[in-house]
Amino acid sequence: MLKQLNFLQFPAMASFRGFRLALTACVVCVLAVDAKYMVYNTSGGVVPGKLNVHLVPHSHDDVGWLKTIDQYYVGSNNSIQVACVQNVLDSLIPALLADKNRKFIFAEQAFFQRWWRDQSEAMKNTVKMLVNSGQLEFINGGMCMHDEATTHYIDMIDQTTLGHRFLKEDFNVTPRIGWQIDPFGHSAVQAYLLGAEVGFDSLFFARIDYQDRAKRSSDKTLEVIWQGSKSRGSSSQIFTGAFYAGNYEPPTGFYFEIDSDSPVVQDDMDLFDYNVQERVDAFVAAAISQANVTRSNHIMWTMGTDFKYQYSHTWFRNMDKLIHYVNQDGRVNALYSTPSIYTDAKYDLHESWPLKTEDYFPYSDRENSYWTGYFTSRPALKGYVRMMSGYYLAARQLELFKGRNESGPTTDSLADALAIVQHHDAVTGTEKQHVAHDYAKRLSIGYKESEEVVATALGCMTQASTSECKSLVTNFKQCPLLNISYCPPTEVDLSLGKKLVVLVYNPMGWKRTEIVRIPVVNENVNVRDAAGQLILSQLIPIVNASIANTKSYASAYLGKSSNVNPKYWLAFTAVVPPLGFSSYTISSDKLGASVMSKQLLYTFEWSQTSPIEIGSGSLKLVHSGINGKLMQYINSRSLVNISVEQSYGYFTGYDRSVDFQASGAYVFRPNGSFPELSEEKVPLTVFRGPLFDEVHQMINSWIYQITRVYKEKEHAEFEFVVGPIPTDDGFGKEVVTRIKSKIGNNKIFYTDSNGRDFLERIRDHRTDWDLQVNQPIAGNYYPINLGAYIKDENSELSVLVDRSVGGSSIADGELEIMLHRRLLYDDSRGVAEALNETVCVKEKCLGLTIQGKYYVRIDPLGEGSKWRRSFGQEIYSPFILAFSEQDDEWTNFPTPTFSAMDPSYSLPNNVAIITLQELENGNVLFRLAHLYEVGEHKDFSVMATVDLKGVFAKKKINKVKEMSLSANQEREEMEKKRLSWKVEGSNTNQGTVPRGGPVDPVKLVVELSPMEIRTFIIELN
Ligand SMILES: [Zn+2]
């Protein structure tokens, strides 16, 4: 994504033709001049004592933005953007072969792999030679240059692993440098996990806040040692450079694409417009101005930008000449370089560098232009990505348990789709509409194939023996649209004697007890567990608003909607072992039938004043008897009793009537305040039952809310349906939900970094510079992937989310998250479309409706982290439900419950399995993550241990190899190679950060210290 729009200037065609005539007439005179083949001296490396200008040739190739990834690759749809990555790679190879000093870096593996698949053996060998010689360097090395605000750390790791493993296998290389040049702000997790822990020696990017950049330029701190995690401390710090001009382009006047208007270097004295001295002077001047804000005598020029080098020769021809003549001039030294060479040059100086902690959010490129809208843009796509991410984690486990089938189906296509959609113009919501559709289509295709893997695995695992699973006895179906109560497999009429079997799979390493909800058509149903025991279940009528929503969205997504209408949600408690499943049977029977929820309507039309209390366990929520609004949160166990309000409201998006800066896909620019969106009195419908209570409220004509309190849980669940957002008043709107309490958080709140570490945020304040506040709302928004919280000396209020959103604490006691955005103007950052998502059913298009959940809990101070971490992980990894219809005679599966783990073993509460996957060679990729930071919880912020024999109970472990985070090299080898940088003002010994020790091959126990992630390749027998 290009930061600013370049207005291409084409030469006037008439005069161009005139030249051609003159040229033809002059062929004879050209021939008359002596032949003068020119050899340019491009061999210069680093010259000590001189200012070294590292020219880094690169092309920034977005894995989808204005065009889809495939359109960018083949170069179609050029009326939108002239861009063809195939041209870049095709023209690059001969250009590199023409001079062994020329260099190029390539980042996006999704493009490279497309190209690589089509090359001949001879070309592949040539490319390998160029890689081995260092002329072509793979940088970053993930499938895409992932976003850093709206991505979950597990997705970031997965997409990087996919790219890195390909490079290891096909080239035997491990990328050394992080290259996040375009993402719109930079996360702590990128620095310490996707930077240091993958073995990178440095990290480079362009975009930091304009005020931050001004400050860093003035005190020469654009280059720093970044320590992204308090818990991992100095063990995971990385040398980081923010580019001088805030973009990743060459200095003005040094663009050499065929259609660029920069002056080419014309060094033929026999031709007109000879300009060598002028070009050398401009080069030296640009170098000196950059050197003035950079420490040391090395500066980097990023020679390229979006989709450049489609005809590589023009760039290299001009750079050859610049290097030759600039070095002849001698004032500065120019060289072909790469970020690796640049990094080594900086390292070799043995200097100390300033320390940077926390992150680089939010990003603003000028006054009133905070890029905090994209934290929420396209919430449906963001929700889909998160849902697929959790599903992929579970599907890989099941694929391993059954045994990977190379001839397919596999989870590989979902892996690929998920990797691509982490791109910084994909999950961010900043792509054109047709490209957003392309990403969703890829996810859907990947899901379909993985769904088969899951169904087959579960089918096999319920049979007597998994080893000989040739034909499936049971055909399991799943319901990806269960969230909108569309699930044909459960809509069986059970009154005729059929039974519905529900298999509930738990992808986590500890046992879970949770409520499962499925839509059913019958009223007199009951639920039995695998032992045949009746278990408590509850029926809740499906409300009309929900049925209408289901019908319209099912036909929008599927082109059809079910002709059966489910009438109830059936809910029951599923108890599921770690990495395993439990099965439940639903049948019709008047005796022992599910408990029908008691329904009560409160309309507030008469003088009802007594409060309405819901929740039959420890937690009670109290709604006002006067207006229906939430007013009190009471937990009888933890003794929290606190006033709390919850509301919806919206910001009106800036239009372009004042200046060019509208609120749009990237930028959040609210115009005015936050009118609350509800009537004075909001009627309540309350459903009470033995498992949970629900409050249904029609907040206004386009917001519906269900508040749920489970008997056995201590958090409130808010399910919202928002949309279509009306725009007939001519204004775009950004819808926010806000929780208000009396908690005195004194401007301080906490938001997560990519679902991992929580960072402290202070309203209207930045740690690194004196913030000039221009946008008191947008400038205080931060990305949220897991949750946010505030606290005072007594209590803490936490909100957890089901997808990536933006949020803040705009006033003390408050937390807010933005749920949906619908805007009418483009925000001038290149996408050239307003973020106005619609859904069409039979030619009729309406604004997109978003359905989702967020969760709220208030704890005594110090007790909130356990819920945020454990339940947060459960939100990411929901149960997988699979259904099968059975006839009357059916009793049970040969294997009705299963756990891959030892029945007496469970992972400790502070550790999650984030990868469990069979690789192509049959080995297992296994990742464990400690879920707590240092000091976060009194019992859980400690060294944890995982017994591998307990996890892999059904197999024998032959060998365990610890790897780097992206599994492309052994950890030990990575640690030996990594550069160790000096931080200004600290001793070389910055104290050791605890790490889990080596894994003893006999004991097979893995230790993890707070926030540590460990990656293993395990050879099983
Ligand atoms: Zn980009």
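Refer to the preceding data block for the structure.
It should be emphasised that the depicted structure is a prediction, and the values quoted were computed from it without experimental measurement.

Definitions and limits used
Residues numbered from 1 in each chain as written. Predicted model: local features only at pLDDT ≥ 70, side-chain atom pairs only at ≥ 80, totals over all residues. Heavy atoms only, no water. Helix = DSSP H or I, 4+ residues; strand = E, 2+ residues; numbered from the N terminus. Rg over C-alpha atoms; globule rule 2.2 N^0.38 Å. Buried < 20%, exposed > 50% of the residue type's maximum accessible area, 1.4 Å probe, protein only. Contact = heavy atoms within 4.5 Å. Pairing = 2+ DSSP bridges. Axes fitted to C-alpha atoms, helices over the stretch in contact; angles between N-to-C directions. Phe/Tyr/Trp six-rings, centres within 6.5 Å; stacked < 30°, edge-to-face > 60°. Parallel < 35°, antiparallel > 145°, perpendicular 65-115°, else oblique. Left-handed = near helix turned anticlockwise from the far one by under 90°. Nonpolar A, V, L, I, M, F, W, Y, C, P; charged D, E, K, R; others polar. Expected span 1.5 Å × (residues − 1). Arc of directions from axis to C-beta. Disulfide = S-S within 2.5 Å.

(A) Quick look at the overall build of the chain. When its secondary structure is counted, the chain shows 19 helices and 49 strands. At 30 Å, the chain has a C-alpha radius of gyration in line with the 31 Å of a compact globule built from 1021 residues. Taking the principal axes of the C-alpha coordinates as reference, the chain spans close to 105 × 65 × 60 Å. By residue count, 63% of the 1021 residues in the chain fall in the buried class. Expressed as a percentage of contacts within the chain between residues at least 6 apart in sequence, the contacts between residues at least 24 apart total 76%.

(B) Just the sheet that holds strand 26 (residues 684-688), in detail. The strand order across the open sheet formed by 10 strands is 20-26-27-28-29-40-35-34-31-32, and the pairing between neighbours is antiparallel. Looking at the sheet topology across the chains shown, the edges are occupied by strand 20 (598-602) and strand 32 (758-762). Across the sheet, the mean angle from the axis of one strand to that of its neighbour is 20°, orientation sign disregarded.

(C) Structural view of the sheet that holds strand 46 (residues 957-963). Within the open sheet, the four strands sit side by side as 43-44-49-46. Their pairing is antiparallel. Strands with a single pairing partner mark the edges of an open sheet, and in this sheet they are strand 43 (911-918) and strand 46. Averaged over all adjacent pairs, the angle separating strand axes in this sheet is 25°, with direction ignored. Strand direction decides the pairing type here: strand 43 and strand 44 (residues 924-930), joined by seven bridges, are antiparallel. Each residue of the ladder has a partner; that of Ala912, found in strand 44, is Ala929. The sheet strands contacting helix 7 (residues 153-171) are strand 43, strand 44 and strand 49 (1013-1020), and the helix crosses strand 44 at an angle near 150°. On the sheet, helix 13 (residues 379-402) packs against strand 43 and strand 44 and is oriented at approximately 55° with respect to strand 43.

(D) Fine view of the pairing of strand 6 (residues 223-227). Most of strand 6 is tucked away, with five of its five residues classed as buried. Every second residue of strand 6 is oriented toward a common face, with Glu223, Ile225 and Gln227 on one face and Val224 and Trp226 on the other, all of them buried. Pairing geometry for strand 6 and strand 11 (residues 355-357), over three bridges, is parallel. Pairing of Trp226 across the sheet is with Lys356, part of strand 11.

(E) Representation of the packing of aromatic side chains within the structure. Inspection of the entire model under this criterion finds 57 aromatic pairs. Ring plane angle 25° and centroid distance 5.6 Å describe the contact between Phe112 and Trp116, whose orientation is recorded as stacked. Taken together, the residues span about one helical turn, with Phe112 and Trp116 both in helix 5 (residues 109-117) at a distance of four residues. This pair shows no difference in class: Phe112 is buried, exactly as Trp116 is. Judged by centre distance (5.6 Å) and plane angle (10°), the rings of Trp867 and Phe871 are stacked. With Trp867 and Phe871 both in helix 17 (residues 864-876), this residue pair falls four residues apart, about one helical turn.

(F) The packing of helix 14 (residues 412-420) against helix 15 (residues 433-462), seen in detail. The contact between helix 14 and helix 15 brings their axes to 7 Å, and the two run at 155°. Here helix 15 runs roughly antiparallel to helix 14, going by the angle between their axes. The interaxial crossing formed by helix 14 with helix 15 has left-handed handedness. Between helix 14 and helix 15, the contacting residues are Ser413, Leu414, Ala417, Leu418 and Ile420 on the first element and Tyr439, Arg442, Leu443, Ile445, Gly446, Tyr447, Glu449 and Ser450 on the second. For the contact of helix 14 with helix 15, the per-class residue count stands at eight nonpolar, three polar and two charged.

(G) Spatial organisation of the side chain of Ser966. Relative to the assigned elements, Ser966 resides in the loop between strand 46 and helix 19 (971-977). Residue class for Ser966 comes out buried when judged on its relative accessible area of 1%. In contact with Ser966, not counting residues within four places along its chain, are Thr160, Thr161, His164, Arg165, Val198 and Arg927.

(H) Main features of helix 6 (residues 121-132). Under the 1.5 Å per step criterion, the end-to-end length of helix 6 is 16 Å for 12 residues, consistent within 8% with the ideal 16 Å. Restricting attention to buried positions, one finds in helix 6 the residues Lys124, Val127, Leu130 and Val131. Viewed along the axis of helix 6, the buried residues span an arc of 120°, placing them on a single side of the element. More than 90 degrees from the buried face of helix 6, the exposed residues found are Glu121, Ala122 and Asn132. Positive backbone phi, approximately 85°, marks Gly134, located one or two places after helix 6.

(I) How the structure looks around the state of the cysteines. This model, assessed by the stated rule, comprises two disulfides. Through a disulfide, Cys479 is tied to Cys487; the S-S separation comes to 2.0 Å. On the S-S bond that ties Cys479 to Cys487, the torsion sits near 70°, and the link is right-handed. On the accessibility criterion, Cys487 (0% relative accessible area) is buried. Residue Cys840 pairs covalently with Cys845 via a disulfide, S to S 2.0 Å. Judged by the sign of its S-S torsion, about 105°, the bond between Cys840 and Cys845 is right-handed. Owing to a relative accessible area of 40%, Cys840 belongs among the partly exposed residues under this scheme. Cys84 carries a free sulfur, and the closest cysteine sulfur to it, the one in Cys144, is 20 Å from it. Of the residues examined, Cys144 reaches a relative accessible area of 2% and is grouped as buried.

(J) Structural view of helix 5. Of all the nine residues making up helix 5, eight are buried; the element is thus mostly covered by neighbouring parts of the structure. The set of residues buried in helix 5 consists of Gln109, Ala110, Phe111, Phe112, Gln113, Arg114, Trp115 and Trp116.

(K) View of the pairing of strand 44. Within strand 44, seven of the seven residues are buried, which leaves the element mostly enclosed by the surrounding structure. Burial of the side chains of strand 44 extends over both faces: Val924, Phe926, Leu928 and His930 are buried on one face and Leu925, Arg927 and Ala929 on the other. In this antiparallel pair of consecutive strands, strand 43 and strand 44, the connection spans five residues, and Gly922 shows a positive phi of 90°. As defined by bridge partners, strand 44 adjoins strand 49 across six bridges and the pair is classed as antiparallel. Directly across from Phe926, in strand 49, lies its bridge partner Phe1016.

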